[in-house]
Amino acid sequence: MSLIITIGRQFGSGGRDVGEKVAEYFNIPFYDKELVELAAQKSNISKEALKEVDEHATNSFLYSLASGNYSMRGINAPIYYEMPINDKLFIAQADVIKEVAKKGSCVIVGRCADYVLENENEDVLSVFVYGSVDYRAKRVMSALNITQAKAKDKVLKTDKQRRTYYDYYTSKNWGVMSNYDLCIDAEKFGIEETANMIINAAKKKIK
């Protein structure tokens, strides 16, 4: 039985680190920024261009209003070629997420993977990792070697970006507990124990 673990995360909470530990434990593929490269191959758009808009919702409100709900139509839909690059990336990544999930167990970080797979695969454990702004700012300060003020600003801005992205493409609310199977405070439990909690939940899921 395969198991797909999707991890949404507040910026600086350690979601990527947690995901890597979970994937390593189960010896299964791990996807985060790798999804951008795979989407670039699929869409024939340069990786550099896609990196600029990764997890950014389109700014083209009027276009979106006119186009309707096209986010899940797939890369082969005729309207795809007229879309803003943000939407092209979302759709290409959604196609890639479905493809890697069909291949077998894996861990996928971000990119609305929980939403993309909610009607595609029953064997999905959706997780959200969070922590206080101060905790996350300290982690970002250390990782990026920047001041506390700059780290806090980056945390808040990136959270806003991710929330807008998720809410825009899913019509759901980012970080709301009812949208996930498991929400964990990484500040309270630490990266190692957060990973262990997900591992234990995954084991129960596949029994």
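The structure presented is a predicted model; accordingly, all values stated were derived computationally and were not measured.

Colleague: How would you sum up the pairing of strand 3 (residues 106–109)? Please name residues and give values.
Modeller: Burial along strand 3 is two-sided: the residues Cys-106 and Ile-108 and Val-107 and Val-109 are all buried. Relative to strand 3, strand 1 (residues 4–9) is paired through 4 bridges, and the arrangement is parallel. From the neighbouring strand, Thr-6 faces strand 3, where its bridge partner is Ile-108. One ladder, built from 2 bridges, connects strand 2 (residues 30–31) with strand 3; its direction is parallel. Opposite Phe-30, over in strand 3, you have Val-107 as the bridge partner.

Colleague: So what's going on with the nonpolar core? Residues and values would help.
Modeller: Within the largest apolar cluster, 24 residues are counted, with the highest numbers of intra-cluster contacts made by Ile-4, Phe-90, Ile-97, Ile-108, Cys-112 and Leu-117. Taken together, the elements giving at least two residues each to this core come down to helix 5 (85–103), strand 3, helix 6 (113–117), strand 4 (124–130) and helix 8 (148–170). Counting residues per element, this core draws most heavily on helix 5, at 7 residues. Apart from the residues within four sequence positions on either side, Cys-112 is in contact with Phe-90, Tyr-165, Tyr-166, Tyr-169 and Thr-170. Core analysis: the next-biggest nonpolar cluster, separate from the first, contains 21 residues, Phe-30, Leu-125, Val-129 and Ala-202 among them.

Colleague: Quick rundown of the pattern of salt bridges? Include the residues and the values.
Modeller: Enumeration over the complete set of coordinates arrives at 9 salt bridges. Between Arg-16 and Asp-32 there is a salt bridge, with its nearest N and O atoms 2.8 Å apart. Taken together, the residues Arg-16 in helix 1 (residues 15–26) and Asp-32 in the loop between strand 2 and helix 2 (34–43) connect sequence positions 16 residues apart. Among the residues examined, Asp-32 registers a relative accessible area of 4% and is labelled buried. A salt bridge links Arg-136 to Asp-159, with the nearest nitrogen and oxygen atoms 2.8 Å apart. Of this pair, Arg-136 sits in helix 7 (residues 133–144) while Asp-159 is found in helix 8, placing the two residues 23 residues apart along the sequence. Side by side, Arg-136 and Asp-159 carry an identical accessibility label, which is buried.

Colleague: Tell me about the packing of aromatic side chains, and name the residues and values.
Modeller: Counted under the stated rule, the structure contains 7 aromatic pairs. Here the aromatic rings of Tyr-25 and Phe-26 are separated by 5.0 Å at their centres, their planes lie at 90°, and the arrangement is edge-to-face. Here Tyr-25 falls in the partly exposed class, since its relative accessible area comes to 46%. For Phe-26, a relative accessible area of 24% gives the class partly exposed. Geometrically, the ring pair formed by Phe-128 and Trp-174 is edge-to-face, given 5.2 Å between the ring centres and 85° between the ring planes. Remark: Trp-174 occurs in the loop between helix 8 and strand 5 (182–185) and Phe-128 occurs in strand 4; sequence separation between them is 46 residues. The exposure class assigned to Trp-174 is buried, which follows from its relative accessible area of 10%. Here the aromatic residues Phe-90, Tyr-165, Tyr-168 and Tyr-169 are joined through ring pairs into a cluster of three or more.

Colleague: So what about the environment of Ala-151? Which residues, and what values?
Modeller: Counting through the fold element by element, Ala-151 comes out in helix 8. For the pair Ala-151 and Ala-137, spaced 14 residues apart in sequence, the C-alpha separation works out to 5.0 Å. Those residues within four positions of Ala-151 in sequence are excluded, and the remaining contacts are Ala-137, Val-140, Met-141 and Ile-146.

Colleague: How would you explain the environment of Met-141 if you had to name every residue and give the values?
Modeller: Looking at the secondary structure, you find Met-141 in helix 7. Placed 129 residues apart in sequence, Met-141 and Gly-12 show a C-alpha to C-alpha distance of 9.5 Å.

Colleague: Explain the packing of helix 5 against helix 8 to me, and be specific about the residues and the numbers.
Modeller: Their axes nearest at 12 Å, the elements helix 5 and helix 8 cross at an angle of 75°. Classified by the angle between their axes, helix 5 and helix 8 sit roughly perpendicular to one another. Across the interface between the two elements, Asn-86, Asp-87, Phe-90 and Gln-93 from helix 5 touch Tyr-165, Tyr-168 and Tyr-169 from helix 8. Of the residues contributing to the contact of helix 5 with helix 8, the split by class is 4 nonpolar, 2 polar and 1 charged.

Thresholds, definitions, all that
Residues numbered from 1 in each chain as written. Predicted model: local features only at pLDDT ≥ 70, side-chain atom pairs only at ≥ 80, totals over all residues. Heavy atoms only, no water. Buried < 20%, exposed > 50% of the residue type's maximum accessible area, 1.4 Å probe, protein only. Helix = DSSP H or I, 4+ residues; strand = E, 2+ residues; numbered from the N terminus. Pairing = 2+ DSSP bridges. Core = buried A, V, L, I, M, F, W, Y, C linked by side-chain atoms within 4.5 Å. Contact = heavy atoms within 4.5 Å. Salt bridge = Lys/Arg side-chain N within 4 Å of Asp/Glu carboxyl O. Phe/Tyr/Trp six-rings, centres within 6.5 Å; stacked < 30°, edge-to-face > 60°. Axes fitted to C-alpha atoms, helices over the stretch in contact; angles between N-to-C directions. Parallel < 35°, antiparallel > 145°, perpendicular 65-115°, else oblique. Nonpolar A, V, L, I, M, F, W, Y, C, P; charged D, E, K, R; others polar.

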